[in-house]
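# Reading the structure
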Amino acid sequence: MAIAATISVPLTSPIRRRNSLTFTGSSSSSSSTVRLSFPKYNIAGLCPRFRISASAAASSMSTQAPQKVSTAPTSFLDRREAGFLHFVKYHGLGNDFILVDNRDSSEPRVTPEQAVKLCDRNFGIGADGVIFAMPGIDGTDYTMRIFNSDGSEPEMCGNGVRCFARFIAELENLNGRHSFTVHTGAGLIVPEILEDGKVRVDMGEPILKASDVPTKLPANKDQSVIKSELDVDGVTWNVTCLSMGNPHCITFGAKGGQNLQVDELDLAKIGPNFEHHEMFPARTNTEFVQVFSRSHLKMRVWERGAGATLACGTGACATVVAAVLEGHAERNCTVDLPGGPLQIEWREEDNHIYMTGPAEVVFYGSVPL
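What you are looking at is a predicted structure, and each value in this text was computed from that prediction instead of being measured.

This brings us to the overall build of the chain. Summing up its helical and strand segments, the chain has four helices and 23 strands in all. In the chain, which comprises 369 residues, the proportion classed as buried is 47%. Sequence-distant contacts, at least 24 apart, represent 61% of the contacts inside the chain between residues at least 6 apart. Of the roughly 16900 Å² that the chain leaves accessible, carbon and sulfur atoms contribute 49%.

Below you can see the structure in the form of structure tokens.
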């Protein structure tokens, strides 16, 4: 799929002027155009607007004189060219997503097959998934749907819902503290944007009943699977299984082993064996956890449908629940992920899990469909 992208990259600066760099390349078989605009950074005088034209056949390059750039305020998200998908790319601790304004339809604007191409990090935009902001259902303000980078559709995504919340705030021009209700495949989710820009999400209650996770492992405590044994390629792991609306298998190490050193794991080798294990009929996300203290955990994740990612919000929530159930930690923990920390609290008074963390814009863009 040929990509033509308009990309706006936010940078920190007190000066807000819109400047852009345009690169145009062509060959006998394909062409692409990339326009970069920096809405929060004044590059005038440092890097005036220029155009580079490169021909693969002629191997030539030319430059054109600087052009005057319009400073009229326009919203990228207001553009509606036919045949183009406008998006904003966000990340939550490096777990990155393509956010699409789909509020005018209950059907996603791209297919799962197109989502796979868009998420490709070499031939597409590059992301762990595509998220759609859609009309609310059953009285909720909005609906969130996701296609993973492999085209599958998960029930929910914790980092994704934080990005979703920030995306909605931009679409609706909301400032300050706001919360709203979101319908997901995992049920009702309530994100709240805080004064510091972070997003706290009421993730609801964990699901512990084995058949509802789902897992075929036999329940060993009150219909739940807690610190049970799971054989994976000849290694017996102690695992706790639960659902945050999507299935999770959490392990703090192999049977009889020492405290797990998560940085030493070869996730690409062992992760798929957990994900596709016969004990998980809907496949599973897998969290490998190292305990620093009763309020500080470190986790690496193999996500169902996405592989090794830099962060997983539902996985961090599931990790704290498992740590409490196995006696490793208290109910309020910092969970270190490869992309950074999340604060997770499992409140005893309402049994709900609250996740707090950042969500940041990476760039704005458009691609032909």
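Here proline 112 shows up in helix 1 (residues 112-119). Along the chain, proline 112 and isoleucine 146 lie 34 residues apart, while their C-alpha atoms are 9.4 Å from each other. In contact with proline 112, other than residues within four places in its own chain, are Phe147 and Gly151.

Counting residues in each nonpolar core, the largest one holds 56 residues, and the members touching the most others are Met144, Phe164, Met203, Leu297, Ile344, Ile353 and Met355. Here the element with the most residues in this core is helix 2 (residues 158-171); it accounts for eight residues. When neighbours within four sequence positions are excluded, isoleucine 344 is seen to be in contact with Ala316, Cys317, Val320, Arg331, Asn332, Cys333, Val335, Ile353, Tyr354 and Met355. Grouped together as the second largest cluster of nonpolar side chains are 20 residues, Leu260, Phe274, Met279 and Phe280 included.

Definitions and cut-offs
Residues numbered from 1 in each chain as written. Predicted model: local features only at pLDDT ≥ 70, side-chain atom pairs only at ≥ 80, totals over all residues. Heavy atoms only, no water. Helix = DSSP H or I, 4+ residues; strand = E, 2+ residues; numbered from the N terminus. Buried < 20%, exposed > 50% of the residue type's maximum accessible area, 1.4 Å probe, protein only. Contact = heavy atoms within 4.5 Å. Areas by Shrake-Rupley, 256 points an atom, 1.4 Å probe, with all protein chains shown as cover. Core = buried A, V, L, I, M, F, W, Y, C linked by side-chain atoms within 4.5 Å.

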